[in-house]
Amino acid sequence: MKRARTFIFFCIALFAIGAFAVQSQQTPPSQGTQPPAGQAGQGEHRQMPTIDEQVKRLADRLSLTDDQQAKAKSILEDQRTQAQALMKDDSLSQDDKRQKFMSLRQATISKIKDMLNDDQKKKFDEYLQEMQGASKEKPGDGSSPKNK
């Protein structure tokens, strides 16, 4: 049970960075096998995008050069390696792991931003805000609805 919870948390932490592919897949209604936003987790699990899928999504979204794509892939591979090591570390409490995952996420975001030009940084910040907003708008989370 503890390992399952750790694995789920690991997936969520990687999802924060790696959701580039998943986010865009939620838009097309023609994918009948893809559950609607907010329903994964109700008996169904989304498959995490691969590093290559994440890099492609970043490349498409931010117009990355080949060199930037190679750097992004390296950064994401490093993040995955560190996250897997964290998952296996039984000496840490769940709270400690969560904090370390959040620090790892922030470090990855920082490394990606460091390789971007100003226009790409703007697009990346906008995308991160979209992702943060999408995660807060999941139905059934108990929060009060936001009227726009």
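Given the structure is predicted, the values throughout are model-derived calculations rather than measurements.

**Description of the pattern of salt bridges**
Here is step 1 of the chain: All chains considered together, the criterion is met by eight salt bridges.
Here is step 2 of the chain: Note that K56 is salt-bridged to D60, the shortest N-O span being 3.0 Å. Taken together, the residues K56 and D60, both in helix α3 (residues 51–62) and four residues apart, mark about one turn of the helix.
Here is step 3 of the chain: For K113, the salt bridge is made with D125, and the minimal N-O distance between the two is 2.7 Å. Of this pair, K113 sits in helix α5 (residues 94–114) while D125 is found in helix α6 (residues 118–136), placing the two residues 12 residues apart along the sequence.
Here is step 4 of the chain: Using a relative accessible area of 25% as the deciding quantity, one classes K113 as partly exposed.

**Side note on unusual backbone geometry**
Here is step 1 of the chain: Although it is not a glycine, S63 adopts a positive phi angle of roughly 55°.
Here is step 2 of the chain: Counting through the fold element by element, S63 comes out in the loop between α3 and α4 (66–88).
Here is step 3 of the chain: Exposure remark for S63: the relative accessible area of 49% places this residue in the partly exposed category.

**A closer look at the packing of α3 against α4**
A packed helix pair is summarised by two numbers, namely the angle formed by the two axes and the spacing between the axes.
Here is step 1 of the chain: In the contact formed by α3 and α4, the axes pass within 9 Å of each other and the chain directions differ by 140°. It follows from the interaxial angle that α3 and α4 lie oblique. At the point where α3 passes α4, the crossing takes the right-handed sense. Each of I51, D52, Q54, V55, L58 and A59 in α3 lies in contact with α4, whose residues at this interface are Q69, A72, K73, L76, E77 and R80.
Here is step 2 of the chain: Across the contact of α3 with α4, the residue classes break down as six nonpolar, two polar and four charged.

**Observations concerning α4**
Residues three or four positions apart in an α-helix share a direction because the helix packs 3.6 residues into each turn.
Here is step 1 of the chain: For α4, spanning 23 residues, the distance from its first C-alpha to its last is 33 Å, which sits close to the expected 33 Å at 1.5 Å a residue.
Here is step 2 of the chain: Residues of α4 that are buried include every one of Q68, A72, I75, L76, Q79, A83, L86 and M87, and no others.

Rules behind the numbers
Residues numbered from 1 in each chain as written. Predicted model: local features only at pLDDT ≥ 70, side-chain atom pairs only at ≥ 80, totals over all residues. Heavy atoms only, no water. Salt bridge = Lys/Arg side-chain N within 4 Å of Asp/Glu carboxyl O. Helix = DSSP H or I, 4+ residues; strand = E, 2+ residues; numbered from the N terminus. Buried < 20%, exposed > 50% of the residue type's maximum accessible area, 1.4 Å probe, protein only. Axes fitted to C-alpha atoms, helices over the stretch in contact; angles between N-to-C directions. Parallel < 35°, antiparallel > 145°, perpendicular 65-115°, else oblique. Left-handed = near helix turned anticlockwise from the far one by under 90°. Contact = heavy atoms within 4.5 Å. Nonpolar A, V, L, I, M, F, W, Y, C, P; charged D, E, K, R; others polar. Expected span 1.5 Å × (residues − 1).

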